[in-house]
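Observations on the model geometry
Now for the letters of each chain:
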Amino acid sequence: MVQFDGPELTKIEPDLRPCERRLKVYYHNECSFHANDNTNSAWIIKDARKIIYPGANGDAWWTHDNLLTQMQYAIQIHEEVCGPGVQALFIFDNSSAHATLPPDALRAFDMNKSNGGKQRKQQDTTIPHSNPDPTKWGLLQRMTTPTGEPKGLQAVLEERGFDLTGL
């Protein structure tokens, strides 16, 4: 990420390796909608706004589906403006977005101990570098069994090399 140094805020470009990209951070919090109040002009490349009119005879309240749809537009705008060499990072501080997850998001609280049963299917994932067994780092982990059932927490942890004695 670009940094600025000293009282003159000298711009320092990052020293990127060939596999790395610049990072552009977009902040959004509960007050950011006031950022352009009382302005007479704005630079608009493409509009990602979604205006709702909630109430008895109006739109439904803002949902995570609205947020995810809006994010698709925001990502398109980012890619058009910044090009493929810049990675976007969207940071939210908005109470209605705190629990926003896509339907197949990874969530341990939604998993059974065993495979199958009444649990939703979750998206496949990559085992992170924080995993205790370094031989598993970066490996793809399927979140369904070969028969298509959702994996349980025990199977997921065993695949990652955790000792589940006593679980």
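Residues numbered from 1 in each chain as written. Predicted model: local features only at pLDDT ≥ 70, side-chain atom pairs only at ≥ 80, totals over all residues. Heavy atoms only, no water.

Looking at an unreviewed UniProt entry, one finds the protein named DDE-1 domain-containing protein, with Pisolithus tinctorius Marx 270 as its source organism.

1. Overview of the overall build of the protein
Scanning the protein for helices and strands turns up 2 helices and 6 strands. For the protein, the proportion of its 167 residues judged to be buried stands at 20%. The long-range share in the protein, meaning contacts at least 24 apart out of those at least 6 apart in sequence, stands at 48%. For the protein, the exposed surface amounts to about 12900 Å²; the carbon and sulfur share of it is 54%. (Helix = DSSP H or I, 4+ residues; strand = E, 2+ residues; numbered from the N terminus. Buried < 20%, exposed > 50% of the residue type's maximum accessible area, 1.4 Å probe, protein only. Contact = heavy atoms within 4.5 Å. Areas by Shrake-Rupley, 256 points an atom, 1.4 Å probe, with all protein chains shown as cover.)

2. Observations regarding the packing of aromatic side chains
All told, the structure shown has 1 aromatic pair when counted by the stated rule. Arranged with centres 4.9 Å apart and planes meeting at 15°, the rings of Y26 and F90 form a pair that is stacked. Of this pair, Y26 sits in strand β3 (residues 22-29) while F90 is found in strand β4 (residues 86-93), placing the two residues 64 residues apart along the sequence. (Phe/Tyr/Trp six-rings, centres within 6.5 Å; stacked < 30°, edge-to-face > 60°.)

3. Concerning the pattern of salt bridges
This model, assessed by the stated rule, comprises 5 salt bridges. E13 serves as the salt-bridge partner of K11, at 3.4 Å between the closest nitrogen and oxygen. The class for E13 is partly exposed, based on a relative accessible area of 42%. In this structure, the salt-bridge partner of E159 is K151, at a minimum N-O distance of 2.5 Å. (Salt bridge = Lys/Arg side-chain N within 4 Å of Asp/Glu carboxyl O.)

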